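Here's the letter readout for the chains.
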Amino acid sequence: MRVFCPIVAGSGVEIFHHRLRQGLTRLGVTTEISSFSPLWEYFPWGLSKAVRPPQMPGGVCDVLHTNVDYGSLLRIKGIPFVVTLHHSTVDEDYLEALPWAVRCHHRWLLKPFVIKTLGLADQLAADSCYSRDSFCEMIQQDLPIPVIYSGVDTNCFKPQSKSDDTCGPIVLFFSGNWSFRKGADLLEPVMKQLGQDFLLQYTSGLRQARAAPITGPNIRFLGRLSEIELVQAINESDIALQPSRREGFGLSILEAMACGKPVVSTLSSAIPEVVQNGKGGLLCEPSSISELVTAVRKLAQSKKLREDMGNYNRQAVLQRFNLDQMATQYLKLYSRSMSEFSVRLSR
């Protein structure tokens, strides 16, 4: 089987597809990824000419798999069309937090493309129940969309011993694009309240400039990290701090869980589907600096609690969010789309 994935660069969608390709390769599936600049979002009509499918052994591809935003412009005639629903960029609650110009762009330009893609897709999948429900609510239809949770390679993202486990500050770790949606603006006030007994180490996201967005006596910017460096940085921390206001799934949270770390995050969007509140971490009200500080302090006071939650998270990833499980489910989805597509063509 040959799968072609045209995707926008610089987001969790790109990470998702690269990891999916890794899992599909183990199953004997050939996958080609073509990443295009997010600047194409301002002139999407050119995407169909700018992104061309590569010549793969035996032809172009058997399945085209992309995300929902501009998928209708990337569809190839005569090829089964599979779409994954990630975080909705046209959800009204999400749009309210965006600048006026961006809000108008998403509402009046992007949203019609999203609706068209939903109608054209041969198979739909969602990365969480939250993502599925938000798109169904938008179009006022209860579509039978399967949920396929994202997965990580548990042989790569796994617990490692800290290089220095002495009585230093409690180390917090944040990873993600620097945005309001990710709650990045909350990090500096949280660290001011926590004080010098805590250290925040954070890395830039895929679209982040190399300059440090925030600085402080207890804040350390790590820059852009390779995957190996990312795993090391997570394992050097004590607690994953991900104060996102909205997540379609939460890959950064999943990476920390796979490395056996407790998570402090929020009771928002898909996050409670991934983190079991009270068992794998502590979830707070979105935007609540005081609750985030209290949760971090509670975990800091008990190494056993951190270890218990970290162990719980590791087992949750092994059982529910592993890469092989995700790849197997997508392979079944591809096979079903090819079979149903062939039946329609034969009519």
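Quick note: structure is the one above.
Everything numeric in this text was worked out from a predicted model, so none of it was measured.

Rules behind the numbers
Residues numbered from 1 in each chain as written. Predicted model: local features only at pLDDT ≥ 70, side-chain atom pairs only at ≥ 80, totals over all residues. Heavy atoms only, no water. Helix = DSSP H or I, 4+ residues; strand = E, 2+ residues; numbered from the N terminus. Buried < 20%, exposed > 50% of the residue type's maximum accessible area, 1.4 Å probe, protein only. Axes fitted to C-alpha atoms, helices over the stretch in contact; angles between N-to-C directions. Parallel < 35°, antiparallel > 145°, perpendicular 65-115°, else oblique. Contact = heavy atoms within 4.5 Å. Nonpolar A, V, L, I, M, F, W, Y, C, P; charged D, E, K, R; others polar. Salt bridge = Lys/Arg side-chain N within 4 Å of Asp/Glu carboxyl O.

Participant: Looking at this structure, I do not really get unusual backbone geometry. What am I missing?
Facilitator: Glycine aside, residues mostly have negative phi angles, and peptide bonds mostly take the trans form. A positive phi is found at Ser269, a non-glycine position, where the angle reads about 50°. Within the secondary structure, Ser269 is located in the loop between strand 10 (263–266) and helix 10 (271–274). Of note, the phi angle at Ser287 is positive, near 75°, even though the residue is not glycine. Here Ser287 shows up in the loop between strand 11 (281–284) and helix 11 (289–300). When its relative accessible area of 36% is taken as the criterion, Ser287 is described as partly exposed.

Participant: Can you help me understand the packing of helix 1 (residues 12–26) against helix 13 (residues 323–346) in this one?
Facilitator: Packed helix pairs are specified by the crossing angle of their axes together with the interaxial distance, meaning the distance between the axes. Contact pair helix 1 / helix 13: the axes reach a minimum separation of 8 Å and the direction vectors enclose 80°. Relative to helix 13, the element helix 1 lies roughly perpendicular. Every residue of helix 13 that contacts helix 1 at Phe16, Arg19, Leu20, Gln22, Gly23, Leu24 and Arg26 is listed here: Leu323, Asp324, Met326, Ala327, Tyr330, Leu331 and Tyr334. By residue class, the composition of the contact of helix 1 with helix 13 is nine nonpolar, two polar and three charged.

Participant: Just to check I follow, could you spell out the pattern of salt bridges for this structure?
Facilitator: A side chain with one charge may pair with a side chain of the opposite charge, provided their charged atoms come close. Evaluated as defined, the whole model comprises 15 salt bridges. Note that Arg2 is salt-bridged to Asp62, the shortest N-O span being 2.7 Å. One end of the pair, Arg2, is in strand 1 (residues 2–8); the other, Asp62, is in the loop between helix 2 (47–50) and strand 3 (63–67), and 60 residues separate them in sequence. Judged by relative accessible area, Arg2 falls into the buried class, the value being 14%. Taking the shortest distance from any N to any O, the salt bridge between Glu255 and Arg19 comes out at 2.7 Å. Here Glu255, found in helix 9 (residues 251–258), pairs with Arg19, found in helix 1; they are 236 residues apart in sequence, far enough to count as distant. Both residues of the pair, Glu255 and Arg19, count as buried. The network of salt bridges with shared partners includes Arg19, Glu227 and Glu255.

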